[in-house]
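Structure at a glance
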Amino acid sequence: MRPIALTAALLGSVPAMAGDVSGGAKVFQAQCAICHRSTRDAAPSVGPDLYGVVGRKAGTLQGYSFSAAMKHSRLTWTPDELRRYLENPGKVVPGNKMPYAGEHDPAKLDALLSFLKTLK
Ligand code: HEC
């Protein structure tokens, strides 16, 4: 096999990730679902319900007790802000109480964002 074909074969065996909703759902299950629900009007879990999070003002969901840092962050969860936050929560909202170190793989972040956009 020529090297280029071999590379293609290897890449073909890696699950498609970039921007892929089902890949994003898997990332969510693996990394977020332990603390967040994703259905409309779900009772708060450890973290706030993420249904409808895209476009929402940070720290405003009724019925969840946010940290002062999140309430006063003045962020709106556009896809770009979500991406920045999920890459490094402690840096983007210093003092917020989400115990999550951050996801640094751009492909996983793309997939996760695609999935979060479907929660509406
Ligand atoms: C171990 C628990 C935990 C994990 C894992 C976790 N979170 Fe959170 N998350 C929280 C908590 C707690 C808050 C509330 C932060 C605050 O009020 O300071 C939060 C807040 C958020 C917010 C802000 C919501 C709003 O309405 O302002 C978003 C967005 C978010 N998390 C997304 C995610 C995503 C996506 C993942 C997976 C990649 C994730 N979180 C993983 C606990 C967690």
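Calculation criteria
Residues numbered from 1 in each chain as written. Predicted model: local features only at pLDDT ≥ 70, side-chain atom pairs only at ≥ 80, totals over all residues. Heavy atoms only, no water. Axes fitted to C-alpha atoms, helices over the stretch in contact; angles between N-to-C directions. Helix = DSSP H or I, 4+ residues; strand = E, 2+ residues; numbered from the N terminus. Parallel < 35°, antiparallel > 145°, perpendicular 65-115°, else oblique. Left-handed = near helix turned anticlockwise from the far one by under 90°. Contact = heavy atoms within 4.5 Å. pLDDT = per-residue confidence, 0-100. Buried < 20%, exposed > 50% of the residue type's maximum accessible area, 1.4 Å probe, protein only. Donors = N, O, S within 2.8 Å, 3.2 Å for Na, K, Ca; no water. Core = buried A, V, L, I, M, F, W, Y, C linked by side-chain atoms within 4.5 Å.

By the naming in an unreviewed UniProt entry, the protein chain goes by Cytochrome c domain-containing protein and is assigned to Novosphingobium malaysiense.

With respect to the packing of helix α4 (residues 79-87) against helix α6 (residues 106-117)
Viewed as axis vectors pointing N to C, α4 and α6 meet at an angle of 130°, and their least axial separation amounts to 10 Å. Relative to α6, the element α4 is oriented oblique. Considering only the axes of α4 and α6, their crossing is right-handed. For the pair α4 and α6, the contacting residues are Pro-79, Leu-82, Arg-83, Leu-86 and Glu-87 in the first and Pro-106, Leu-109, Asp-110, Leu-112, Leu-113, Leu-116 and Lys-117 in the second.

Examining the confidence of the model for the protein chain
For the protein chain, the mean per-residue pLDDT works out to 89, and 85% of the residues sit at or above 70. Within the model, pLDDT remains below 50 along residues 8-14, and this stretch shows zero contacts once partners closer than five positions in the same chain are excluded.

With respect to the environment of Val-21
On the secondary structure map, Val-21 appears in helix α2 (residues 21-31). The class of Val-21 is partly exposed, set by a relative accessible area of 37%. Ignoring anything within four residues of it in the chain, the contact list for Val-21 reads Ser-114, Phe-115 and Thr-118.

Looking at unusual backbone geometry
For Asp-41, which is not glycine, the phi torsion reads 60° and is therefore positive. Look at Asp-41 and you get exposed, because its relative accessible area is 71%.

What about the coordination of the iron atom of the ligand?
Ideal geometry at a metal centre: 109.5 degrees between donors when four sit tetrahedrally, and 90 or 180 degrees when six sit octahedrally. Binding of the iron atom of the ligand to the protein goes through His-36 (NE2) and Met-98 (SD), at separations of 1.9 to 2.0 Å. Using a relative accessible area of 12% as the deciding quantity, one classes His-36 as buried. Using a relative accessible area of 23% as the deciding quantity, one classes Met-98 as partly exposed.

Here we look at the nonpolar core
A general feature of soluble globular proteins is that nonpolar side chains tend to end up buried together. One finds Phe-28, Met-70, Trp-77, Tyr-85, Leu-112 and Leu-116 to be the most contacted residues of the largest nonpolar core, which totals 22 residues. Looking at this core, the elements that each hand over two or more residues are α2, α4 and α6. Among the elements that line this core, the one with the most residues is α6, at five residues. Excluding anything up to four places from it in sequence, Leu-116 contacts Phe-28, Leu-50, Val-54, Leu-82 and Leu-86.

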